[in-house]
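Results of the structural survey
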Amino acid sequence: MPVITCIEDLKRMHRRRAPRMFFDYCESGSYTEQTFRDNCSDFQKIRLRQKVAVDMLGRSTRSEMIGEPVAMPVALAPVGMTGMQCADGEIKAARAAEAFGVPYTLSTMSICSVEDVAAATTKPFWFQLYVMKDEEFVDGMLERVKKAGCSALVLTLDLQILGQRHKDLRNGLSAPPKMTLPVMLDLATKWGWGLEMLKTQRRSFGNIVGHAKGVGDTSSLASWTAEQFDPQLDWGKIARLRDKWGGKLILKGILDEEDARRAADFGADAIIVSNHGGRQLDGALSSIRMLPPIVRAVGDQVEIHMDGGIRSGQDVLKALAMGAKGTFIGRSYIYGLGAMGEAGVRRALEVIWKELDISMALCGEKDVKALGPHNLLVPEDFEGRWA
Ligand SMILES: Cc1cc2nc3c(=O)[nH]c(=O)nc-3n(C[C@H](O)[C@H](O)[C@H](O)COP(=O)(O)O)c2cc1C
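Quick notes on the rules
Residues numbered from 1 in each chain as written. Predicted model: local features only at pLDDT ≥ 70, side-chain atom pairs only at ≥ 80, totals over all residues. Heavy atoms only, no water. UniProt positions renumbered as here; feature names shortened; annotations may be inferred. Helix = DSSP H or I, 4+ residues; strand = E, 2+ residues; numbered from the N terminus. Rg over C-alpha atoms; globule rule 2.2 N^0.38 Å. Buried < 20%, exposed > 50% of the residue type's maximum accessible area, 1.4 Å probe, protein only. Contact = heavy atoms within 4.5 Å. Phe/Tyr/Trp six-rings, centres within 6.5 Å; stacked < 30°, edge-to-face > 60°. Lys NZ or Arg CZ within 6 Å of the ring centre and 35° of its normal. Core = buried A, V, L, I, M, F, W, Y, C linked by side-chain atoms within 4.5 Å. Near = heavy atom within 4 Å. Polar contact = N/O pair within 3.5 Å; in protein donor to acceptor, adjacent residues only side chain to side chain. Areas by Shrake-Rupley, 256 points an atom, 1.4 Å probe, with all protein chains shown as cover. Nonpolar A, V, L, I, M, F, W, Y, C, P; charged D, E, K, R; others polar. Pairing = 2+ DSSP bridges. Right-handed = clockwise from strand over helix to strand, strands pointing away. Disulfide = S-S within 2.5 Å. Salt bridge = Lys/Arg side-chain N within 4 Å of Asp/Glu carboxyl O. Axes fitted to C-alpha atoms, helices over the stretch in contact; angles between N-to-C directions.

- In the annotation of an unreviewed UniProt entry, the protein is listed under the name L-lactate dehydrogenase (Cytochrome) and assigned to Cereibacter johrii.
- Per UniProt, the comment on the protein under Sequence similarities (unreviewed entry) is "Belongs to the FMN-dependent alpha-hydroxy acid dehydrogenase family."

Printed below as a string of structure tokens:
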């Protein structure tokens, strides 16, 4: 077993083990990837305030997200095609999250279906919905999600049209991969991945195939999105879905104070400050940069979560201290999954938990819920002046 010290170690192993098209799918942002890079580099601009001579026994990272107890306020974000990073990837990630005591969010664009994941876990997980033009499919999906016992619906608002990711076009991304010569040459060096994949039947979009009518080429995420996602999604349609769902609702993809006010007035249980990991509007500001103004605008009205660029427990600490009640990680756990399957996701969570716990202690804090701006050193120009 290799020594894994940090998320970067898992990323290196993921790159070696998974087919290039799937590693690249994970490791890309849209267009110039400016927002993708800023999500991480803006975290680096914030520093932690060291405190000494504080009793650090009895620390706790326990908290709640939308009223659910969590071992630490770090949920697994919805990630499409997780089951291509590693066979049955969604099941493995959900089981690792359950064992650790953090929420798992299943994507609409998953390989394992909502029924598959429900059958392999014992506690409720969350489901992320992309709104499709076909209302019958959406309504049917919501019924399936309720039947699977999911405890929250995460409605993603920032992907009704797909931001272009150059690597996916160059690699001919599809699930399952089409056997072109470059793909076959790559797979010849990824036999561990291939052998596991041969053992599972789950190799296309499990929530969709056999459930949506008139779906053409499901293997291509890009053409499927263009064909099926509803570009007319607006607050009226969101209200219809809220009423149809009737349970806890999290709105994902808020990056603007006005939108945050709208979402808070709307009565969402939580919002996720997010730019989809820099995969949609390239040129948007980073999530951590937009967190403070959104907290100032609606922090007393709605629970605020954030994602984008979290690669360590120190990053989680910074987001919480800036006012997020919870965080989500995307790539950080996907690296673990691509590297070592279920054990890799567990390892990613352990790494982040340990970094959070130790950094909290060195900041002189015993309770994750007590973190605040007093723990941070933020450069005066961090938020910048944008007109
Ligand atoms: C490979 C990949 C696939 C994703 N698929 C989805 C998805 O299906 N639904 C969704 O709402 N967000 C999706 N996201 C965005 C994540 O939920 C999350 O917002 C993002 O990964 C956070 O940034 P981070 O990866 O830097 O942690 C995806 C992100 C990645 C990296």
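**Remarks on the overall build of the protein**
- Each helix and strand counted, the protein has 16 helices and 12 strands in total.
- Compactness check: the protein gives a C-alpha radius of gyration of 20 Å against a globular reference of 21 Å for 387 residues, within 12% of the reference.
- Along the longest, intermediate and shortest principal axes, the C-alpha atoms of the protein span 60 × 50 × 45 Å.
- Buried residues in the protein amount to 58% of all 387 residues.
- In the protein, the proportion of contacts linking residues at least 24 apart, taken out of those at least 6 apart, comes to 75%.

**Let's talk about the packing of aromatic side chains**
- Applying the stated criterion across every chain, the model contains 4 aromatic pairs.
- Relative to Phe266, the ring of Trp235 lies with its centre 5.5 Å away and its plane at 55°, an arrangement referred to as tilted. Highlighted residues: Trp235 in helix α12 (residues 235-245) and Phe266 in helix α13 (residues 257-266), separated in sequence by 31 residues.
- The ring centre of Phe266 lies 4.2 Å from the NZ or CZ of Arg242, which sits over that ring.

**Section: the nonpolar core**
- In terms of nonpolar packing, the biggest core is built from 109 residues, with Leu251 and Ile271 touching the most fellow members.
- Examining the composition of this core, we find that 12 residues originate from one element, helix α16 (residues 331-362), more than from any other.
- Non-local contacts of Leu251, meaning those with residues more than four positions away in its chain, are made with Leu155, Leu157, Trp235, Ile238, Ala263, Phe266, Ala268, Ala270, Ile271 and Ile272.
- Within the second largest apolar cluster, 12 residues are counted, among which are Ala75, Ala77, Ala270 and Ile272.

**Let's talk about unusual backbone geometry**
- For the bond from Ala175 to Pro176, the omega torsion is -5°, close enough to zero to count as cis.
- Of note, Pro176 is situated in the loop between α8 (166-171) and α9 (181-187).
- A positive phi angle is found at Tyr31, which is not glycine, with a value near 45°.
- Positioned with a positive phi, Ala53 is a non-glycine residue whose angle comes to about 55°.

**A look at the site of the ligand**
- In the region of the ligand, 22 residues are neighbours, and Pro78, Ser107, Thr156, Asp307 and Gly309 sit closest.
- Ser107 is positioned with one of its side-chain polar atoms (N or O) 2.7 Å from an oxygen atom of the ligand.
- For the ligand, an oxygen atom lies 3.0 Å from a polar atom in the backbone of Gly330.
- Within the complex, the protein chains bury 99% of what would otherwise be the 600 Å² of accessible surface of the ligand.
- Its residues assigned to classes, the shell around the ligand comprises 7 nonpolar, 10 polar and 5 charged.

**Examining the pairing of strand β6 (residues 126-129)**
- On β6, burial covers both faces: Trp126 and Gln128 on one face and Phe127 and Leu129 on the other are all buried.
- Two elements, strand β5 (residues 105-106) and β6, share 2 bridges in a ladder whose sense is parallel. Looking across to β6, one finds that Leu106 is bridged to Phe127.
- Chirality of the crossover, the property in question, places the unit of β5, helix α6 (residues 114-120) and β6 among those that are right-handed.

**Side note on the state of the cysteines**
- In this structure the tally under the stated criterion is 0 disulfides.
- Just so you know, Cys26 is unpaired, no disulfide at all, and the nearest cysteine sulfur is the one on Cys40, 11 Å from it.
- Accessibility expressed as a relative area gives 7% for Cys26, which makes it buried.
- Left unpaired, Cys363 is separated from the closest cysteine sulfur, that of Cys6, by 19 Å.

**Some words on the pattern of salt bridges**
- Applying the stated criterion across every chain yields a total of 25 salt bridges.
- Close ionic contact of Lys146 with Glu143 constitutes a salt bridge, the shortest N to O distance being 3.7 Å. Taken together, the positions of Lys146 and Glu143, both in helix α7 (residues 135-147) and 3 residues apart, correspond to about one turn of that helix.

**A look at the sheet that holds strand β4 (residues 74-76)**
- Across the sheet, which stays open at both edges, the 8 strands sit in the order β4-β11-β10-β9-β8-β7-β6-β5 with parallel pairing between neighbours. In the strand order of this sheet, the two ends are held by β4 and β5, each with one partner.
- With 4 bridges joining them, strand β7 (residues 152-156) and strand β8 (residues 249-254) adopt parallel strand pairing. Among the inter-strand pairings, Val154 is bridged to a residue of β8, identified as Ile250.
- Taken strand by strand, α7 contacts β6 and β7, and its axis lies near 175° from that of β6.
- The strands touched by α16 are β4 and β11 (326-329); relative to β11, the strand with the most contacts, the crossing angle is about 155°.

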